[in-house]
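# Structural features, examined
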Amino acid sequence: KVFHKNKILIVFPLADSDTLELAIKSSAAIKLLEDIGELKIGLKPHPMVSAGKLNTIKSFFNDVKCDMEIIDKPMDEVLPQYSILITMASGVVFDGMIEGLPVIRVGRSHSLSFDPADFIENNPYNFKVQKVEQLNKLIRKLLLLDDGERLEILNYGRKFVKESFTPVNENTLQAFISTN
């Protein structure tokens, strides 16, 4: 496994208010990272995002002083190219964990949390933040992880995801539908 350095992927949700909040918080935190050399930022909007919303997302990053690109490739092609994933509540949390990325989950300020990783007990990699300053501090910390620490995150993520899902069969469907 090759672990990339200084490459941050920000995955935006579809909901307007959540996208706006993540754009505000993540762009402000990234702007505080100007002292980090060779920093690369990937912005991945939800596949169903409108052109107008994409322009709004980009506008928050206009004055960011690092290499930045809009990503429109599938997640399985994109994730291996990055060193950190930043997102809100989304299934992409699990995608990042499987890939071995430290996943920073940015909490919402004024709404219910539907974060799928909130239920993980004893999670040694519970990278969740609420404020810009917390996000900036955590990004700085995670960018310094060595390959051994990244390998531990990879192993934990794959084990966790594997243990979190049960194959669908008649027995597991009985709780939801009649199999008669």
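Structure: see above.
Residues numbered from 1 in each chain as written. Predicted model: local features only at pLDDT ≥ 70, side-chain atom pairs only at ≥ 80, totals over all residues. Heavy atoms only, no water.

### Let's talk about the sheet that holds strand β1 (residues 7-11)
- Sheet architecture is open: six strands sit in the order β3-β2-β1-β4-β5-β6, paired in parallel fashion. Edge strands, defined here as strands with exactly one partner in the open sheet, are β3 (67-70) and β6 (128-129).
- Note: β1 against strand β4 (residues 84-87), three bridges, orientation parallel. Across the sheet, residue leucine 9 finds its bridge partner in β4, namely leucine 85. (Pairing = 2+ DSSP bridges. Helix = DSSP H or I, 4+ residues; strand = E, 2+ residues; numbered from the N terminus.)

### Describing helix α6 (residues 147-164)
- Between the first and last C-alpha of α6 there are 25 Å, a value that for 18 residues agrees with the 26 Å anticipated at 1.5 Å per step.
- What α6 keeps buried is the set Arg150, Ile153, Leu154, Tyr156, Gly157, Phe160 and Val161.
- Put simply, aspartate 146 is the residue that caps the front of α6, since its side-chain oxygen is 3.0 Å from the backbone nitrogen of glycine 148. (Expected span 1.5 Å × (residues − 1). Buried < 20%, exposed > 50% of the residue type's maximum accessible area, 1.4 Å probe, protein only. Polar contact = N/O pair within 3.5 Å; in protein donor to acceptor, adjacent residues only side chain to side chain.)

### Thoughts on the packing of aromatic side chains
- One pass over the structure, following the stated rule, counts three aromatic pairs.
- Consider the rings of phenylalanine 12 and phenylalanine 61, whose centres lie 6.4 Å apart with planes at 80 degrees: the pair is edge-to-face. Of this pair, phenylalanine 12 sits in the loop between β1 and α1 (16-31) while phenylalanine 61 sits in the loop between α2 (51-60) and β3; the two residues are 49 residues apart in sequence, bridging distant segments of the chain. One exposure class covers both phenylalanine 12 and phenylalanine 61, and it is buried.
- Taken together, a centroid distance of 6.1 Å and an interplanar angle of 15 degrees make the contact between phenylalanine 94 and phenylalanine 160 stacked. You can see phenylalanine 94 sitting in helix α4 (residues 92-99) and its partner phenylalanine 160 sitting in helix α6, a full 66 residues away along the chain.
- On the accessibility criterion, phenylalanine 94 (11% relative accessible area) is buried.
- With a relative accessible area of 11%, phenylalanine 160 lands in the buried category.
- Ring pairing ties together the aromatic residues Phe94, Tyr156 and Phe160, which thus form one cluster.
- Stacked on the ring of tyrosine 82, the Lys or Arg lysine 7 has its end atom at 5.1 Å from the ring centre. (Phe/Tyr/Trp six-rings, centres within 6.5 Å; stacked < 30°, edge-to-face > 60°. Lys NZ or Arg CZ within 6 Å of the ring centre and 35° of its normal.)

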